[in-house]
Amino acid sequence: MRLGFAVNTGSVSFYGYSNRSKGYVLRCPDYPFNSWQVVSGIQWQALHLRMLSGNTSWAKSGNRTAKYNEISLSVRI
């Protein structure tokens, strides 16, 4: 499931969205998959700043978990 928004004001764009996924690892019902992500960004002319934060787990009781954060700055050439 994904929910998001985008706002354009002249040459600046703001956006954000969130992802949520649930399920099971294939052929392993004892390994439930649970993931969420939050992404936001700003784009102005050729510059794009994006921030992402998320969490993924694929075992009971959070035994196998990955937490991650990302910040990226890109320039269109």
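Worth saying up front: this structure is predicted, and the values here are computed from it rather than measured. (Residues numbered from 1 in each chain as written. Predicted model: local features only at pLDDT ≥ 70, side-chain atom pairs only at ≥ 80, totals over all residues. Heavy atoms only, no water.)

A. Inspection of the pairing of strand 1 (residues 2-9) at higher detail. Little of strand 1 is tucked away, with zero of its eight residues classed as buried. Pairing of strand 1 with strand 2 (residues 12-25), which is carried by eight bridges, proceeds in the antiparallel orientation. Counterpart to Arg2 in the pairing with strand 2 is Asn19. (Buried < 20%, exposed > 50% of the residue type's maximum accessible area, 1.4 Å probe, protein only. Helix = DSSP H or I, 4+ residues; strand = E, 2+ residues; numbered from the N terminus. Pairing = 2+ DSSP bridges.)

B. Summary view of the pattern of salt bridges. Scanning all chains against the criterion turns up one salt bridge. Here Glu70 and Arg50 are joined by a salt bridge, their closest N and O atoms 3.1 Å apart. Highlighted residues: Glu70 in strand 5 (residues 65-75) and Arg50 in strand 4 (residues 47-57), separated in sequence by 20 residues. The class for Glu70 is partly exposed, based on a relative accessible area of 37%. (Salt bridge = Lys/Arg side-chain N within 4 Å of Asp/Glu carboxyl O.)

C. Representation of the pairing of strand 2 within the structure. Where strand 1 folds back on strand 2, the antiparallel hairpin that results is connected by two residues, among which Gly10 adopts a positive phi of roughly 65°. The pairing of strand 2 with strand 3 (residues 28-44) spans 14 bridges and is classified as antiparallel. Paired with Ser21 across the strands is Ser35, a residue of strand 3. Connecting strand 2 to the antiparallel partner strand 3 that follows it, the hairpin turn spans two residues, and Arg27 within it adopts a positive phi of roughly 65°.

Honestly, it's all geometry; don't read function into it.
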